[in-house]
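What the coordinates show
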Amino acid sequence: AMLKGLDALVFDVQDAGARFYTYMTTMGYAMEEAARAGIAFFVLDRPNPICAARVEGPVMDEGLKSFTGCFEMPVRHGMTLGELARMFNAENRMGAKLTVIAMRGYRRGMWFDETGLTWVNPSPNLRSLVQAILYPAVALAEASNVSVGRGTDTPFELLGAPWVDGPQLAEVLRQRRIEGVRFEAATFTPGASPYKGEICHGVRITLTDRRALDAGLLGVEILSALYRLHPEVFQLKKALHMIGSRAALQAVQEGKDPREIVLSWQEALGEFRRLRGAYLLYAD
């Protein structure tokens, strides 16, 4: 009913570059309705802030589609919204009258601070490029019973819960020698659920080299460390829809090395890269 009498829908929204960031799902739903109504759909393309040249993390399994996972893609998809719209329209046979208004002067290897554009928070808890870079990794644990710092000044740079042993978690993660990040024990009080107003113990994650960081590895390292240290308390299974991979979740439960788990999803990543290649608009 809202589309009655319209000539077109125009989508002009800044994405964050992660599979579970819901703006792309909203775009997909809008494309479906525009196709049903027979009206044109325009995407005014914008940069992938965490660069569109990196594809990382587990690919979502069939049967796990939801508002936080609308397409079988990895956690870090390495595409712009315009490219995603082209892929959704073709692969899902939407039949939308799609036009993507491409960016001028954009290269897919650009990070947001290399575009010359002014950072505007895409949502209240992504307040900086650093937080956007950490988001695909740290948010893997968000659907479980830990705080990722929402309601603090530094969401996604913090992770913890009242039941976490912060110094122990920090030491376990430091011993893993994860490239691109540094860990220190932290205590914080989130202003949002879960644990709103409660003292949480955990870690502060400092980004040291964004080019060296593998978001998928960092995410599974965090999940593995929490499950290893607090197996009776940490609700790992609740993280399934964020992880998107039943096999990866099971591997964490079985205590497999996170680097081995990362190797297990490389074949699926390769298949997605081949699929993605048909819809890319920008050169490296």
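In what follows, the structure referred to is the one given above.
Residues numbered from 1 in each chain as written. Predicted model: local features only at pLDDT ≥ 70, side-chain atom pairs only at ≥ 80, totals over all residues. Heavy atoms only, no water.

Digging into helix α3 (residues 129-138)
Burial of α3 is extensive: nine of the ten residues sit out of reach of the surface. Inspection of α3 places Leu129, Gln131, Ala132, Ile133, Leu134, Tyr135, Pro136, Ala137 and Val138 among the buried residues, and these make up the whole buried set. (Buried < 20%, exposed > 50% of the residue type's maximum accessible area, 1.4 Å probe, protein only. Helix = DSSP H or I, 4+ residues; strand = E, 2+ residues; numbered from the N terminus.)

Quick look at the pattern of salt bridges
Throughout the structure, instances matching the rule amount to 15 salt bridges. Across the pair Arg108 and Glu83 runs a salt bridge whose closest N-O atoms are separated by 2.8 Å. Of this pair, Arg108 sits in the loop between β5 (97-101) and α3 while Glu83 is found in helix α2 (residues 81-91), placing the two residues 25 residues apart along the sequence. The same class applies to Arg108 as to Glu83, namely buried. With a shortest N-O distance of 2.3 Å, Arg150 and Glu142 are connected by a salt bridge. Connected via shared salt-bridge partners are Asp113, Glu114, Arg210 and Arg211. (Salt bridge = Lys/Arg side-chain N within 4 Å of Asp/Glu carboxyl O.)

Details of the side chain of Asn89
Here Asn89 shows up in helix α2. Among the polar contacts made by the side chain of Asn89, one reaches the main-chain amide nitrogen of Gly95 at a distance of 3.4 Å. A distance of 2.9 Å separates a polar side-chain atom of Asn89 from the backbone nitrogen of Ala96. In contact with Asn89, other than residues within four places in its own chain, are Met31, Met94, Gly95, Ala96 and Leu98. (Polar contact = N/O pair within 3.5 Å; in protein donor to acceptor, adjacent residues only side chain to side chain. Contact = heavy atoms within 4.5 Å.)

Some words on the sheet that holds strand β7 (residues 181-188)
With antiparallel pairing, the three strands of this open sheet are ordered in space as β6-β8-β7. The strands lining the two open edges of the sheet, one partner per strand, are β6 (158-161) and β7. This sheet shows a mean twist of 25 degrees between the axes of neighbouring strands, independent of strand direction. Of the strand pairs in this sheet, β7 and strand β8 (residues 200-207) are connected by eight bridges, and their pairing is antiparallel. Counterpart to Val181 in the pairing with β8 is Leu207. In the packing of α3 onto the sheet, contacts are made with β6, β7 and β8, and the angle to β8 comes to roughly 125 degrees. Against the sheet, helix α4 (residues 166-175) contacts β6, β7 and β8, and its axis sits at roughly 175 degrees relative to β7. (Pairing = 2+ DSSP bridges. Axes fitted to C-alpha atoms, helices over the stretch in contact; angles between N-to-C directions.)

Keep in mind that these numbers describe shape and distance, not what the molecule does.
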